[in-house]
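Analysis of the macromolecular model
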Amino acid sequence: QFRVVIKFAARADLHHLAMFLAGRQPDAPQEALQVLDIVLRELPTARYPLANHVLFYCFSGCMGHNFHVFFFCRYSPVGRSFYSPNLGRRQKLGDGLESWRGFYQSIRPTQMGLSLNIDMSSTAFIEPLPVIDFVAQLLSRDISVRPLSDSDRVKIKKALRGVKVEVTHRGNMRRKYRISGLTSQATRELSFPVDDRGTVKTVVQYFLETYGFNIQHTTLPCLQVGNQQRPNYLPMEVCKIVEGQRYSKRLNEKQITALLKVTCQRPQEREKDILQTVHHNAYYEDPYAQEFGIKIDERLASVEARVLPPPRLKYHDSGREKDVLPRIGQWNMMNKKMVNGGRVSHWACINFSRNVQDSAARGFCHELAIMCQISGMDFAPEPVLPPLTARPEHVERALKARYQDAMNIIRPQGRELDLLIVILPDNNGSLYGDLKRICETDLGLVSQCCLTKHVFKMSKQYLANVALKINVKVGGRNTVLVDALTRRIPLVSDRPTIIFGADVTHPHPGEDSSPSIAAVVASQDWPEVTKYAGLVSAQAHRQELIQDLFKVWQDPQRGTVTGGMIKELLISFKRATGQKPQRIIFYRDGVSEGQFYQVLLYELDAIRKACASLEPNYQPPVTFVVVQKRHHTRLFANNHNDQRTVDRSGNILPGTVVDSKICHPTEFDFYLCSHAGIQGTSRPAHYHVLWDENKFTADELQTLTNNLCYT
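Under an unreviewed UniProt entry, the protein has the name Piwi domain-containing protein and belongs to Aegilops tauschii subsp. strangulata. Listed under Sequence similarities (unreviewed entry) in UniProt, the entry text for the protein is "Belongs to the argonaute family. Ago subfamily."

1. So, the pairing of strand β27 (residues 497-505)
Within β27, seven of the nine residues are buried, which leaves the element mostly enclosed by the surrounding structure. In terms of strand pairing, β27 meets strand β32 (residues 583-589) through six bridges, oriented parallel. When the bridges of β32 are listed, Gly 501 appears paired with Tyr 587. Note: β27 against strand β28 (residues 516-523), six bridges, orientation antiparallel. The partner of Val 504 across the bridge, within β28, is Ala 518.

2. Topic: the UniProt feature "domain: PAZ" (unreviewed entry) in the protein
With numbering matched to this structure, UniProt assigns "domain: PAZ" (unreviewed entry) to residues 130-243. What you have in residues 130-243 is 25% helix and 25% strand, and the ends, taken at the C-alpha atoms, are 11 Å apart.

3. Looking at the packing of aromatic side chains
Counting across every chain of the model gives 16 aromatic pairs. Measuring from centroid to centroid gives 4.0 Å for Trp 100 and Phe 125, while their planes differ by 15°, and the two rings are stacked. Highlighted residues: Trp 100 in strand β6 (residues 97-110) and Phe 125 in strand β7 (residues 113-126), separated in sequence by 25 residues. The same class applies to Trp 100 as to Phe 125, namely buried. Both rings, one in Tyr 587 and one in Tyr 687, keep their centres 6.4 Å apart while their planes meet at 80°; by these two values the pair is edge-to-face. You can see Tyr 587 sitting in strand β32 and its partner Tyr 687 sitting in strand β36 (residues 685-692), a full 100 residues away along the chain.

4. Brief notes about the sheet that holds strand β9 (residues 176-178)
Sheet architecture is open: three strands sit in the order β9-β8-β15, paired in antiparallel fashion. If you trace the sheet from one side to the other, it starts and ends with β9 and β15 (239-241), each paired once. Taking each pair of neighbouring strands and ignoring which way they run, the sheet shows an average axis angle of 40°. Sheet topology places strand β8 (residues 164-167) next to β9; three bridges connect them, and they run antiparallel. Residue Val 165 lies in a different strand from β9, and its bridge partner there is Tyr 177.

5. Quick word on helix α4 (residues 150-160)
Taken residue by residue, α4 has Asp 152, Ile 156, Ala 159 and Leu 160 as its buried positions. One face of α4 carries all of its buried residues, which in axial projection span an arc of 85°. Away from its buried face, by an angle of more than 90 degrees, α4 presents the exposed residues Asp 150, Ser 151, Val 154 and Lys 158. Immediately downstream of α4, the backbone of Gly 162 shows phi near 90°, a positive value.

6. Section: the domain arrangement of the protein
The domains assigned to the protein are domain 1 (14-52 + 66-127 + 250-292), domain 2 (131-241), domain 3 (347-474) and domain 4 (480-709). Placing a centre on the C-alpha atoms of domain 2 and another on those of domain 4 gives a separation of 52 Å.

7. Quick notes on the sheet that holds β32
Reading across the sheet, the nine strands line up as β17-β34-β35-β36-β33-β32-β27-β28-β29 and stay open at both edges, with mixed pairing between neighbours. Both edges of this open sheet fall to β17 (306-307) and β29 (532-539), since each of them pairs with a single strand only. The strands touched by helix α16 (residues 596-614) are β32, β33 (622-628) and β36; relative to β33, the strand with the most contacts, the crossing angle is about 140°.

8. Some words on the pattern of salt bridges
This structure, assessed with the given rule, holds 36 salt bridges. Lys 92 serves as the salt-bridge partner of Glu 127, at 2.6 Å between the closest nitrogen and oxygen. With Glu 127 in the loop between β7 and α3 (131-139) and Lys 92 in strand β5 (residues 91-94), this residue pair connects regions lying 35 residues apart in the sequence. Measuring nitrogen to oxygen at the nearest pair gives 2.5 Å for the salt bridge that ties Glu 693 to Arg 608. Placement of Glu 693 in the loop between β36 and α17 (698-708) and of Arg 608 in helix α16 is noted, with a sequence separation of 85 residues between them. On the basis of relative accessibility, which here comes to 21%, the residue Arg 608 falls in the partly exposed class. Overlapping salt bridges, with partners in common, bring together Arg 90, Glu 98 and Glu 243 in one network.

9. Thoughts on the side chain of Ser 375
By the secondary structure assignment, Ser 375 is in the loop between α9 (358-374) and β22 (378-379). The class for Ser 375 is buried, based on a relative accessible area of 5%. Ignoring sequence-local partners within four residues, the contact set of Ser 375 consists of Met 333, Lys 337, Met 338 and Ala 467.

10. Overview of a nonpolar patch on the surface
Taken together, the side chains of Phe 2, Val 4 and Ile 6 define a hydrophobic patch exposed on the protein surface, amounting to about 480 Å² of accessible area. Mapping Val 4 onto the fold places it in the segment before α1 (14-21). The exposure class assigned to Val 4 is exposed, which follows from its relative accessible area of 69%.

11. Describing the packing of helix α15 (residues 565-577) against α16
Between α15 and α16, the shortest axis-to-axis distance is 8 Å and the interhelical angle comes to 50°. With respect to α16, the element α15 is oriented oblique. Judged by the sense of rotation from one axis to the other, the crossing of α15 with α16 is right-handed. Of the residues in α16, those touching α15 at Ile 566, Lys 567, Leu 570 and Ile 571 are Ile 607, Ala 610, Cys 611, Ser 613 and Leu 614.

Criteria and thresholds
Residues numbered from 1 in each chain as written. Predicted model: local features only at pLDDT ≥ 70, side-chain atom pairs only at ≥ 80, totals over all residues. Heavy atoms only, no water. UniProt positions renumbered as here; feature names shortened; annotations may be inferred. Buried < 20%, exposed > 50% of the residue type's maximum accessible area, 1.4 Å probe, protein only. Helix = DSSP H or I, 4+ residues; strand = E, 2+ residues; numbered from the N terminus. Pairing = 2+ DSSP bridges. Phe/Tyr/Trp six-rings, centres within 6.5 Å; stacked < 30°, edge-to-face > 60°. Axes fitted to C-alpha atoms, helices over the stretch in contact; angles between N-to-C directions. Arc of directions from axis to C-beta. Domains from an automatic or database assignment. Contact = heavy atoms within 4.5 Å. Salt bridge = Lys/Arg side-chain N within 4 Å of Asp/Glu carboxyl O. Patch = residues over 30% accessible without salt bridge, like charges linked within 9 Å, V, L, I, M, F, W, Y side chains within 5 Å. Areas by Shrake-Rupley, 256 points an atom, 1.4 Å probe, with all protein chains shown as cover. Parallel < 35°, antiparallel > 145°, perpendicular 65-115°, else oblique. Left-handed = near helix turned anticlockwise from the far one by under 90°.

Set out below in structure tokens:
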């Protein structure tokens, strides 16, 4: 028997919400929004699995405000999204995973009233396979041929822990269990007490006598589905994975590639799918929407947009083309030279790909060196030592040995190694990360990695792109905004201005002990604002606030000492330009809406303290902008065939900005798509200005932001 108690919790204040939408209330009533969200999620949640696409759909609600909605048939809910195996074909991702299509849904307050933001989505689910088949796919082999190794067991345990399975040996009684681990012994070695007298039976014997089931794979471990006090053993072959379980752990590169292929969709197809799904789901029949007086308009919301002009870019006067005006977000390096070519006097090459012969490595390096020279760099034609071939498992030893060999040759001349070119296998696992860690933290060495496939193709375009990367890494500038050189950028060119960019990268789900990594970059030149220095800092697991922006600590000799990333970059700017910044523009990436003001309060305070620690009363005005890329708003052209409003991929033109209707009811925010679309549907960046002491107009900040994306 179960006793259910229903208590009154709170009354959702829709008047407060109406006041907020009218701009007469500063804070959004999250509780009221959550209530409406629950109402509109009830139908797809109750129906269980099916899925699809994005945008804003208008509906007028009980307060006379416009809402924007979108729904489906039978769905499996995951967070704010709904997925189904029936919407489009399931696509295999490998290692026992498959992709399901679905849609994201969230109520948002906008200038039009309330909107329901819908977006197409795909994610990985565990295939509903017999566990034996899943394990065979995971290990990519027939598991009956040879016993499992220790590494096999670890891999299986990691993949299956927490997964729900149902038993298949009891007819229609498909009882479900959650896997907690694997047994250390093989199935044939396992036994357990069956009564209070201490009678013991083996698992094999028990299944045969009780269920008439003869276990075939007796060398495999059993699944543990109980706890330590009451262990419960299930042979793998009597278990099948329950359908509808999202895979939340990290995908490998092949799985990511397969998932991206599924999600990649041209704008016209995407919009068509949205409209079809809206039609099929018949929102006018949604009993929950009817109960709350919500009426749904199934038309797409129409918003006005502007297209900002691209900036003119300056290149070196020695090139045939001294400047360029990008067309539809694109331009190339033909007949142009870098505005400030860097110098690489001493360099080396290490090859970790067994498919690349020494002669091929030498040829590739020679062509890359020539391309760097053609592009305007002072690049030595020959390496300090011939390319070295090494095995990926010896990465640390090979890097340190080669670095030492090169330094033994050039150190007597008082020189340093400027660059290491590294050839990697196309599928290199952790090699890239290990290599960067060793070069950056142990050797202090600039490195440029190139994949094997590019070494063999050796296309001019690829070599030119790599040359641009190398130039920036060694301190050069590829191009500069003409408006920056002529001092015509509002609120940047008039006085020394530093531009910051900051982000925090969190560990993947399942990595419970790894730190989060904070990175901050800042411009180091003015008026060009093109050259950036970067700092990286590890901090607490999944901590979004950047802890090391400003630090205070006690030193035995010096007493109270201040430091941190902001202070270090401000000092670096002063050293490079001879002036201290009189204006700060801070772009902050990766902050969710629920953390906006927590991040602003903490990080703006850190900026203030860093400035004050340099000089009393030094408080340059700050503009603090949050940049969101992981949102679910998409912008489509009204007419997909109008070449004046779309690029070759069918996406909106680069420079498209929207700052009305779908934006915040009272605050300063806008959507800007600065890049040209190549594959799929472009995702505009969402810029939300949380603090602005520099008093930018919307046009000034939008133009500056768009132009910075070109440098």
